[in-house]
Amino acid sequence: MDTMSLFFLGIVFLVTIKIVSTWWGNRGNPPGPSALPFIGHLHLISSTFARDLANLAQRYGPVIFLRFGARPVVVVSTPAAVEECFSKNDVPLANRPQLLAGKCLGDNYNNLGWAPHGPHWRSLRRFVNTDLFSVNRLNFYAALREPEVNVFVKDLYRRALGGQREVKLRKEFIDVISNCLLAMLIGKRYYGADLDGSEEARQFRQNIEDFNHFILTPALGDFLPLFRGIDSIWLARKMKAFAKRRDSFMQKVIEERRRNMQEKGSEAKTKCVLDALLINQSTDPDFYSDKNLRGILDALISAGVDTVLNSLEWSLALLIKNPDVLDKVSEEIDTNVGLDRMIQESDVPKLPTLNNVINESLRMYPPAPLAIPHEAAEDCVIGGYRVRKGTMIMVNIYAIHMDPKLWEDPASFKPERFNAAEDVKGGLKWLAFGHGRRSCPGANLALRELAMVLGNLIHCFEWSAVGGHEKLDMNMNPGFFLARDRPLVAAFEPRQAMIDVLSQL
């Protein structure tokens, strides 16, 4: 037998072994589309990925199997499957995938967003649940957030007095949401035209831009082992250099706050989250080390803006598109708050129509249409199918929120579907902030911020679409975050009934 024949037989043998091993390894897996060699289903990832996965679920069922390169992936698309994942299998599926971003930007999988389920993660989660996001703490920190909303409204009013009648709201929303969050976390503000000349503010804003760039930059080595060496040479080095700059900046913030507290001595009072962290550091210096403090603050800052920002744009756009609902919300605010003051956070529970609008907006345009992935820490069963250890688990929130079997006329804006009597959030039909022990801990804060900013915009200004509400563009720019295809530009003018209040801000 000549050399070419031996070479050909060797190729046939290797291919056969590969086919048989793949078939054997896939036994018991959920159904799914055929995969391409080497890349698996990576070619399916696009700007419309959540929609595409919803279409695949229609064909293959509520639990489907994919391969992102060498990484096995299971996607669930119904409330029953979500319930099985995060109730029955909540602990086995409580980890996050170990991706390059978590290693380089998440302090080697040590901060709140990336830490594996275990004692360290539970301690971090316990702190944010009790010392930050509990009802009592949110009420306490409301006094820091409310003035930032007033500054935002005051700036819009000044523009109106100067003759401005149209505004591109995305940047304004970034400013107010960022300042609300920063005031609560570190007692500072870094956004707004009055801070454009501040070097400290410039550095912080650049850190946020760099983080968003890196977190959305795909690392091929996460899915294709062949590229891990390339990632470590190029992308990982850049990420680590950025993480070092970010840590240096945040350390200066921590040290400044620590000096202020030391100078005040026994008279020092807790005014922001960092103050509470520093007080805890004195009793538990190991867990509340400066390293962990930086990790907690970085995780909260990086996760706390984009979701609220996009939801604000969608909510106001939906109201402008539906002026009858906008009028109804405005009337509700006038009745329950009055025309002699701004909305305060304590007013929000008395505004059910406003809250319904926010819930419906989050249903139609969930901030993360595909929930942040989980990873199986051990073998488990989902939908009767075997899911192996190391499999990435993805929840298609968009598919569930737009399922006509779960929601009547899901493509239509109907805030009334969220009337309390109907309890439509039950049954895992509404998953805007995820589900299970790794669901978003800041959900209540996000809802408060949405209600405060949106409510005061409606209370203080008349809003309309440039060119008429029928022409308002509602196209999506799908991605990791579900943003508008084009930033919202709206026409506005101060409400005459609120001029006295606005002039006193």
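Residues numbered from 1 in each chain as written. Predicted model: local features only at pLDDT ≥ 70, side-chain atom pairs only at ≥ 80, totals over all residues. Heavy atoms only, no water.

**Overview of the UniProt feature "binding site: heme" (unreviewed entry) in the protein**
Summarizing the sequence annotation, UniProt attributes the feature "binding site: heme" (unreviewed entry) to Cys 440 in the numbering used throughout. Mapped onto the fold, Cys 440 is located in the loop between α16 (397-401) and α17 (443-460). (UniProt positions renumbered as here; feature names shortened; annotations may be inferred. Helix = DSSP H or I, 4+ residues; strand = E, 2+ residues; numbered from the N terminus.)

**What about helix α12 (residues 290-303)?**
In a regular helix each residue adds 1.5 Å, so 14 residues correspond to 20 Å; α12 covers 20 Å between its end C-alpha atoms and thus fits that length. Buried residues dominate α12, accounting for ten of its 14 residues. All of the buried residues along α12 are Asn 292, Leu 293, Arg 294, Gly 295, Ile 296, Leu 297, Asp 298, Ala 299, Leu 300 and Ile 301. Those residues of α12 that are buried are in contact with α5 (119-131), α7 (169-186), α8 (199-215), α10 (235-264) and α11 (273-283). (Expected span 1.5 Å × (residues − 1). Buried < 20%, exposed > 50% of the residue type's maximum accessible area, 1.4 Å probe, protein only. Contact = heavy atoms within 4.5 Å.)

**Observations regarding the sheet that holds strand β11 (residues 489-494)**
Across the sheet, which stays open at both edges, the three strands sit in the order β3-β11-β8 with antiparallel pairing between neighbours. Each of the sheet's edge strands pairs with one partner strand only, and the pair in question is β3 (166-168) and β8 (461-465). The average angle at which neighbouring strand axes cross in this sheet is 40°, direction not considered. In this structure, β3 lies alongside β11, joined through three bridges in antiparallel fashion. (Pairing = 2+ DSSP bridges. Axes fitted to C-alpha atoms, helices over the stretch in contact; angles between N-to-C directions.)

**Structural notes on the pattern of salt bridges**
Taken as a whole and judged by the stated rule, the model has 28 salt bridges. In this structure, Asp 155 engages Arg 159 in a salt bridge whose closest nitrogen and oxygen atoms are separated by 3.2 Å. Residue Asp 155 and its partner Arg 159 are located together in helix α6 (residues 135-161), separated by four residues, close to a single helical turn. For Arg 245, the salt bridge is made with Asp 210, and the minimal N-O distance between the two is 3.2 Å. Here Asp 210 lies in helix α8 and Arg 245 lies in helix α10, a separation of 35 residues in the sequence. On the basis of relative accessible area, Asp 210 is assigned to the buried category, the value being 17%. (Salt bridge = Lys/Arg side-chain N within 4 Å of Asp/Glu carboxyl O.)

**Quick look at the packing of aromatic side chains**
Here the structure, examined in full by the defined rule, presents 17 aromatic pairs. Aromatic side chains Phe 68 and Phe 223 sit 6.0 Å apart centroid to centroid with 80° between the ring planes, which places their arrangement in the edge-to-face category. Linking Phe 68 in strand β1 (residues 63-68) with Phe 223 in the loop between α8 and α9 (228-233), this pair joins segments that are 155 residues apart in sequence. Per residue, the accessibility class of Phe 68 equals that of Phe 223, and both read buried. (Phe/Tyr/Trp six-rings, centres within 6.5 Å; stacked < 30°, edge-to-face > 60°.)

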